[in-house]
Amino acid sequence: MAHIVNHNPATVHPPAGGYSMGLELTQHRRLLFVSGQVPEKTDGTVPEGFEAQCEQAWRNVIEVLAAAGLGVEHLVKVTTFLTDRTQVVTNRTIRSKVLGEHRPALTVVVVETVDSKWLLEIEAIAAE
């Protein structure tokens, strides 16, 4: 497994919401780039409401990780694209539940998704 070093310098505003300002990888063997995962189930349906969609998008990320023999503890960078600022707190709560104590580098932005029924999209990078 990659050796992961968190960098949160005292000279930079401390991170809020469970992430690291910088994350260094040493001794890694593999990198996995997870394309943006939308909140669609395998049958193409989209759950109702932001919370259910956020949980589904994370399930999709986890499934891609698992297909490569990796887990959330291997995530080094996560980018979440939200469609509304009001989703920030719920997104943070669900992400924290999924990641537990793991703190990857993180970016959250508010955007317009390709399909208006998707309320978010999550992309990630994992390392081993």
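Thresholds applied
- Residues numbered from 1 in each chain as written.
- Predicted model: local features only at pLDDT ≥ 70, side-chain atom pairs only at ≥ 80, totals over all residues.
- Heavy atoms only, no water.
- Helix = DSSP H or I, 4+ residues; strand = E, 2+ residues; numbered from the N terminus.
- Rg over C-alpha atoms; globule rule 2.2 N^0.38 Å.
- Buried < 20%, exposed > 50% of the residue type's maximum accessible area, 1.4 Å probe, protein only.
- Contact = heavy atoms within 4.5 Å.
- Areas by Shrake-Rupley, 256 points an atom, 1.4 Å probe, with all protein chains shown as cover.
- Lys, Arg positive; Asp, Glu negative; His and termini not counted.
- Charge placed at Lys NZ, Arg CZ, Asp CG, Glu CD.

Per an unreviewed UniProt entry, the protein chain goes by the name RidA family protein and belongs to Bradyrhizobium barranii subsp. barranii.

A. Summary view of the overall build of the protein chain. The helix and strand tally for the protein chain stands at two helices and six strands. Relative to the globule expectation of 14 Å for 128 residues, the C-alpha radius of gyration of the protein chain, 15 Å, shows essentially globular dimensions. Considering only C-alpha atoms, the protein chain reaches an extent of 40 × 35 × 25 Å along its principal axes. Expressed as a percentage of its 128 residues, the buried residues of the protein chain come to 37%. Here the contacts in the protein chain between residues at least 6 apart in sequence split such that 74% fall between residues at least 24 apart. A total of about 7100 Å² of accessible surface is found on the protein chain, and carbon and sulfur atoms cover 53% of it. In the protein chain, 11 side chains carry a positive charge and 15 a negative one; their mean positions are 5 Å apart.

B. Just the environment of Glu-40, in detail. Mapped onto the fold, Glu-40 is located in the loop between strand E3 (31-37) and helix H1 (50-67). Given the relative accessible area of 24%, Glu-40 is considered partly exposed. Separated by 56 residues in sequence, Glu-40 and Ser-96 place their C-alpha atoms 21 Å apart.

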